[in-house]
Amino acid sequence: MNTQPTLTKEGGNTGTTGDSQHSDGLQAGLKNRHLSMIAIGGVIGAGLFGGSAAGIKAAGPGILLSYALVGAMVVFVMRMLGEMSVANPTSGSFSAHADRALGRWAGFSIGWLYWFFWVVVLAVEATMGADILNGWIPAVPQWAWALIVMVVLTVTNLGSVASYGEFEFWFAGIKVVAIAAFIVVGGLAVFGVLPGADTAQAGLSNLTEHGGFLPNGYGAILTGILMVVFSFMGSEIVTLAAGESADPRRAVAKATNSVIWRVGIFYLGSILVVVSLLPWNDPSLQEDGSYVAALDSIGIPHAGQIMNVIILTAVLSCLNSGLYTASRMAYSLGRRGDAPKAFARTNAKGVPQAAIIGSVIFGFVAVFFNYKWPDTVFAFLLNASGAIALFVWLVICFSQLRMRKIILREAPEKLVVKMWLFPYLTWATIAMIVFVLGYMVYNGGAAREQVVLSLLVAGLVVAVSVVRDRLGRTPEPVAED
């Protein structure tokens, strides 16, 4: 039986180094190299490759400020999450912290909303991957490719947590190498020292010419924020995965401390190269995508196919991590009595089999909706999950405000990672997130619809939690082994 002090009600892993089987049933199957790559790859989603062109069109070179502002917000949120997760590494991460800090309703609500977000992402990424594969091998229908991709990654996740870690290590590794190579090659071209490259259009002058650094005005920075904010979702996955490592506290501390350079290099660095290689208003950025257009502009052969391989890798990585994340959140909810008890059970390999199957079934259903009713049912699911990332970050902020006092009262020696300038920077981050949500509503269109529908779904989930508590039907958390 676990004798270490625990700060959450989940009864989860306390992070004792060297355990191969944690007290919550999960297995310590993730190695340090797995977690390092999960932490790095978590900030490089398919949205970076596919969504940056629209942001550049909206804000010009000023999109760098949009990325910098959102990046700072993510760094602060991850620092807060790191503070709580180092003190108490658990498979439920911020949901378990919210349960303890804000109340059972908060842990229940944000846990299920986060699960909902990722199972919808499964359908989006499966469809995106199927589009690429169908382009390569059109004899296999698009729906069949989506099915194949989902089945393969489901089998991988059912195998063992080490299987997930190994797949993610290689998927994330390809993304990291690709972005690093792009920055190096593009940077050399910008300064005119890349042998054989066509650098006629390249140069730092692209940042200030063609209408200036902010050709569409200061307001375009805010519009750019709306377009890039969701490409950062996934940074928090490492705090869930760390619960299945031999030394979770060290892994979380390392991941949260390195988030600054990860955001700086992979996002700001690569976008700076793009807007330096080409004028921001070059039509090819919108027609071919920002990275393909940038590579084409300096004469890199087969740039489109190269980027398709990299984007497919990013899609598979997101699918792999999405299924893992959704299943671990379902598992944590089951441990706390907020989901069916079957979700809280693990098999002989320490894998929450029922939680994985339950998550992937909803993912399959969402894929079906995407093919059958893409503009109605699936559009609703997509918009209803659109602002949940911001809700998660907001809950992390409020949880940290309360958890700091709890940690200091119960186990002050565990306050190893501290949020900077507490509580002022925490409140400033809350204000930033609320401002973004408010601007989404003010901006109208799809952004407003996402906030409204996400709020409706969030309100429904919170109402279910409150009614369960009022009726006294909240099950007891699963006891420790």
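Keep in mind that this is a model prediction, so the values were computed, not measured.

Concerning the overall build of the protein
If you tally the helices and strands in the protein, you get 19 helices and zero strands. Here the protein has a C-alpha radius of gyration of 22 Å; the compact-globule value for 481 residues is 23 Å, and the two agree. Projected onto its principal axes, the C-alpha positions of the protein cover 65 × 55 × 45 Å. Looking at the protein as a whole, 60% of its 481 residues are labelled buried. When contacts within the protein are restricted to residue pairs at least 6 apart in sequence, those whose partners lie at least 24 apart make up 81%. Here the protein displays about 18300 Å² of accessible surface, and carbon together with sulfur accounts for 67% of that area. Looking at the protein, you have 29 positive and 27 negative side-chain charges, and the mean spots of the two groups are 11 Å apart.

A closer look at the confidence of the model for the protein
Averaged over every residue, the pLDDT of the protein is 85; residues scoring 70 or more account for 92%. For the stretch residues 1-6, pLDDT sits under 50, and the model shows 11 contacts to residues farther than four places along the chain or on other chains. Ignoring residues within four places in sequence, the model shows residues 8-21, a span with pLDDT below 50, making 49 contacts including any to other chains.

Some thoughts on the environment of Ala181
Note that Ala181 resides in helix H7 (residues 161-190). Along the backbone, Ala181 and Ser270 are 89 residues apart, and their C-alpha atoms lie at a distance of 9.9 Å.

What about the pattern of salt bridges?
When the charged atoms of two side chains lie near each other, side chains of opposite charge can form a pair. One pass over the full model with this rule turns up nine salt bridges. Between Arg104 and Asp99 there is a salt bridge, with the nearest N and O atoms lying 3.9 Å from each other. Neither residue differs from the other here; Arg104 and Asp99 are each classed as buried. Note that Arg100 is salt-bridged to Glu410, the shortest N-O span being 2.1 Å. Of this pair, Arg100 sits in helix H4 (residues 93-101) while Glu410 is found in helix H17 (residues 388-410), placing the two residues 310 residues apart along the sequence. The class of Arg100 is partly exposed, set by a relative accessible area of 27%. On the basis of relative accessible area, Glu410 is assigned to the partly exposed category, the value being 37%.

Thoughts on helix H6 (residues 142-159)
Counting along an α-helix, one turn takes 3.6 residues, and residues three or four places apart therefore face a common direction. Helix length check: H6, at 18 residues, gives a terminal C-alpha distance of 26 Å against a target of 26 Å (1.5 Å per residue), a fit within 8%. Within H6 the residues assigned to the buried category are Ala144, Trp145, Ala146, Val149, Met150, Leu153, Thr154, Thr156, Asn157 and Gly159. Looking at the buried side of H6, the elements it contacts are helix H5 (104-136), H7, helix H14 (303-335) and helix H15 (353-372).

Here we look at the packing of aromatic side chains
As enumerated under the stated definition, the model contains 20 aromatic pairs in all. Centre to centre, the rings of Tyr114 and Trp118 are 6.2 Å apart; their planes meet at 80 degrees, and the pair counts as edge-to-face. On the criterion of helical spacing, the pair formed by Tyr114 and Trp118 is a turn pair, its members being four residues apart in helix H5. Taken individually, Tyr114 and Trp118 each receive the classification buried, so the pair is uniform in this respect. Seen in terms of ring centroids, Phe232 and Tyr267 are 4.1 Å apart; in terms of plane orientation they differ by 15 degrees. Their pairing is stacked. Of this pair, Phe232 sits in the loop between helix H8 (219-228) and helix H9 (237-241) while Tyr267 sits in helix H11 (residues 259-277), and the two are 35 residues apart along the sequence. Take Phe232: its relative accessible area is 0%, and that puts it in the buried class. Of the residues examined, Tyr267 reaches a relative accessible area of 0% and is grouped as buried. Taken together, the ring pairs in this structure connect Phe94, Tyr114, Phe117 and Trp118 into an aromatic cluster. The ring of Phe169 has Arg33 sitting right over it, with the charged end atom 4.7 Å from the ring centre. When the ring centre of Phe422 is taken as reference, the NZ or CZ atom of Arg404 above it lies at 4.2 Å.

So, a nonpolar patch on the surface
Together, Trp143, Leu147, Val151, Val155 and Tyr371 make up a nonpolar patch on the protein surface, roughly 470 Å² of accessible area in all. Sort the elements by how many residues they give to the nonpolar patch and H6 lands first, with four residues. Within the secondary structure layout, Leu147 lies in helix H6.

Structural notes on the packing of helix H3 (residues 63-87) against H17
At a minimum axis distance of 9 Å, the contact between H3 and H17 shows a crossing angle of 45 degrees. Viewed along their axes, H3 and H17 adopt a mutual orientation that is oblique. Here H3 runs over H17; the crossing is left-handed. The segment H3 lies against H17, with Met73, Val74, Val77, Met80, Leu81, Glu83, Met84 and Ala87 engaging Leu390, Trp393, Ile396, Cys397, Ser399, Gln400, Met403, Arg404 and Ile407.

Rules and cut-offs
- Residues numbered from 1 in each chain as written.
- Predicted model: local features only at pLDDT ≥ 70, side-chain atom pairs only at ≥ 80, totals over all residues.
- Heavy atoms only, no water.
- Helix = DSSP H or I, 4+ residues; strand = E, 2+ residues; numbered from the N terminus.
- Rg over C-alpha atoms; globule rule 2.2 N^0.38 Å.
- Buried < 20%, exposed > 50% of the residue type's maximum accessible area, 1.4 Å probe, protein only.
- Contact = heavy atoms within 4.5 Å.
- Areas by Shrake-Rupley, 256 points an atom, 1.4 Å probe, with all protein chains shown as cover.
- Lys, Arg positive; Asp, Glu negative; His and termini not counted.
- Charge placed at Lys NZ, Arg CZ, Asp CG, Glu CD.
- pLDDT = per-residue confidence, 0-100.
- Salt bridge = Lys/Arg side-chain N within 4 Å of Asp/Glu carboxyl O.
- Expected span 1.5 Å × (residues − 1).
- Phe/Tyr/Trp six-rings, centres within 6.5 Å; stacked < 30°, edge-to-face > 60°.
- Lys NZ or Arg CZ within 6 Å of the ring centre and 35° of its normal.
- Patch = residues over 30% accessible without salt bridge, like charges linked within 9 Å, V, L, I, M, F, W, Y side chains within 5 Å.
- Axes fitted to C-alpha atoms, helices over the stretch in contact; angles between N-to-C directions.
- Parallel < 35°, antiparallel > 145°, perpendicular 65-115°, else oblique.
- Left-handed = near helix turned anticlockwise from the far one by under 90°.

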